[in-house]
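# Secondary and tertiary structure notes
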Amino acid sequence: MLIRPARREDAALAASLIYEVLPSDVAAKLLGRLDRDRALAIATQLVASRWGRWSHRQIWVAEVGGEPAGIFLGFPGADGGWLDLGFAWNLTRLTGWRAIGRLARFEWALWRSGSVEFTAAEFYIDSLAVLPQFRGQGIGSALLMAAERQAEAHGLGRCSLFV
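Throughout what follows, the structure given in this document is the object of discussion. Each chain has its residues counted from 1, following the order in which its sequence is written. Residue-level local features of this predicted model are given only where pLDDT is at least 70; pairs of side-chain atoms are given and counted only at 80 or more, and the full residue set underlies all totals for whole chains, interfaces and linings. Water and hydrogen atoms play no part in the side-chain values, which are based on all heavy atoms of the structure.

To continue, consider the pairing of strand 4 (residues 123-130). Here the term buried applies to any residue with accessible area under 20% of the maximum for its type, exposed to any over 50%, and partly exposed to those in between, with areas from a 1.4 Å probe on protein chains only. The secondary structure listing takes helices from DSSP runs of H or I that are at least 4 residues long and strands from runs of E that are at least 2 residues long, numbered from the N terminus. Across the eight residues of strand 4, seven count as buried, placing the element largely inside the fold. Two elements, strand 3 (residues 67-76) and strand 4, share seven bridges in a ladder whose sense is antiparallel. Residue Phe72 lies in a different strand from strand 4, and its bridge partner there is Leu128. Where strand 4 and strand 5 (residues 159-160) come together, two bridges link them in parallel fashion. At least two DSSP bridges between two strands are required for those strands to pair.

Right under this line is the structure:
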């Protein structure tokens, strides 16, 4: 198994896996109430972008026998604000100004609940998913270990995820 940084050409795969693990209400709040194909097209463009929370630059791909098997999307918490700004910019560019209202309502609800998605002192795992045909083979565990190595590479002593 090889775990490597994602490339732009991984955008469709990564977007489909990110979309798969998003609860449907969160997907609707982030992307709008779109049909699945349109939402995946937008997610693919977000992953293909160079800047933003869902950018391929924040994603690692697990390969088995040269075939993509899963991904994790993660970043140092200290980068989260800039990455969210990039996400908002790209989403607005792709879906129009209503995206700002959707994102603001989403963040407001998170803040009101008292939840903290991540802190600057940790490496945040935003999404982790393995393709169905590769599940049960330790790929998810290997992706989590790769996230831990990224945390260490950034001088961070812990990882977190928000569920």
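Resuming the write-up.
Next up on the list: the nonpolar core. Side chains of nonpolar character tend, in soluble globular proteins, to be buried together. By convention a nonpolar core is built from buried Ala, Val, Leu, Ile, Met, Phe, Trp, Tyr and Cys residues, the set being connected through side-chain atoms within 4.5 Å. Counting residues in hydrophobic clusters, the biggest one holds 50 residues, and the most contacted among them are Leu31, Leu46, Val47, Trp54, Ile59, Leu91 and Phe123. Per-element tally for this core: the top contributor is helix 1 (residues 11-21), with seven residues. Here, two residues are considered to be in contact whenever any of their heavy atoms come within 4.5 Å of each other. Apart from the residues lying within four places of it in its own chain, the contact partners of Leu31 are Tyr19, Ala39, Ile42, Leu46, Trp54, Leu91, Thr95 and Arg102.

Each reported salt bridge corresponds to a side-chain nitrogen of Lys or Arg within 4 Å of a carboxyl oxygen of Asp or Glu. Inspection of every chain in the model, using the stated rule, returns eight salt bridges. A salt bridge links Arg7 to Glu9; its shortest N-O distance comes to 3.0 Å. If you follow the salt bridges from partner to partner, you end up with Arg53, Asp84, Glu117 and Asp126 in one network.

As summarised here, the arrangement of the five strands in space is 1-2-3-4-5, forming an open sheet in which the pairing is mixed. Strands at the two margins of the open sheet, each flanked by one partner only, are strand 1 (2-5) and strand 5. Taken strand by strand, helix 6 (residues 139-153) contacts strand 1, strand 2 (59-64), strand 3, strand 4 and strand 5, and its axis lies near 160 degrees from that of strand 4. What counts as an axis is a line fitted to C-alpha atoms, over the stretch in contact for a helix, and the angles between N-to-C directions run from 0 to 180 degrees.

By definition here, a helix of n residues has an expected span of 1.5 Å times n minus one. Taking 1.5 Å of rise per residue, the 13 residues of helix 3 (residues 36-48) would be expected to cover 18 Å, and the 18 Å separating its terminal C-alpha atoms lies within 8% of that figure. Within helix 3, the full set of buried residues consists of Ala39, Leu40, Ile42, Ala43, Leu46 and Val47. Around the axis of helix 3, the buried residues are gathered within 165 degrees of arc, so they sit on the same side. Tucked into the core, helix 3 has its buried residues touching helix 1, helix 2 (24-31), strand 2 and helix 4 (80-95). Pairing of N or O atoms within 3.5 Å defines a polar contact, subject to two protein rules: one partner must be a possible hydrogen donor and the other a possible acceptor, and residues neighboring in sequence count only if both atoms are side-chain atoms. The opening residue of helix 3 is Asp35, an N-cap whose side-chain oxygen sits 3.1 Å from the backbone nitrogen of Asp37. Here the arc refers to the directions that run from the helix axis out to each C-beta atom.

Attention now moves to the packing of helix 1 against helix 3. Remark: helix 1 packs on helix 3, axes separated minimally by 8 Å, with the N-to-C direction vectors making an angle of 120 degrees. Viewed along their axes, helix 1 and helix 3 adopt a mutual orientation that is oblique. In this structure, helix 1 crosses over helix 3, and the sense of that crossing is right-handed. Contacts between helix 1 and helix 3 involve Ala11, Ala12, Ala14, Ala15, Ser16, Ile18 and Tyr19 from the former and Arg36, Ala39, Leu40, Ala43, Thr44, Val47 and Ala48 from the latter. Classification used: nonpolar for Ala, Val, Leu, Ile, Met, Phe, Trp, Tyr, Cys and Pro, charged for Asp, Glu, Lys and Arg, polar for all others including Gly. Of the residues in the contact of helix 1 with helix 3, the class split is eleven nonpolar, two polar and one charged. Any angle between 65 and 115 degrees counts as roughly perpendicular, while under 35 counts as roughly parallel, over 145 as roughly antiparallel, and the rest as oblique. For a crossing to be left-handed, the near helix must be turned anticlockwise from the far one by less than a right angle; the clockwise case is right-handed.

To continue, consider the packing of helix 3 against helix 4. Close contact between helix 3 and helix 4 brings their axes to 10 Å; oriented N to C, the two are set at 135 degrees. As far as their axial angle goes, helix 4 and helix 3 are oblique. Handedness of the crossing formed by helix 3 with helix 4: right-handed. Contact residues: Arg38, Ile42, Gln45 and Leu46 in helix 3; Phe87, Asn90, Leu91, Leu94 and Thr95 in helix 4. Class assignment for the residues of the contact of helix 3 with helix 4 results in five nonpolar, three polar and one charged.

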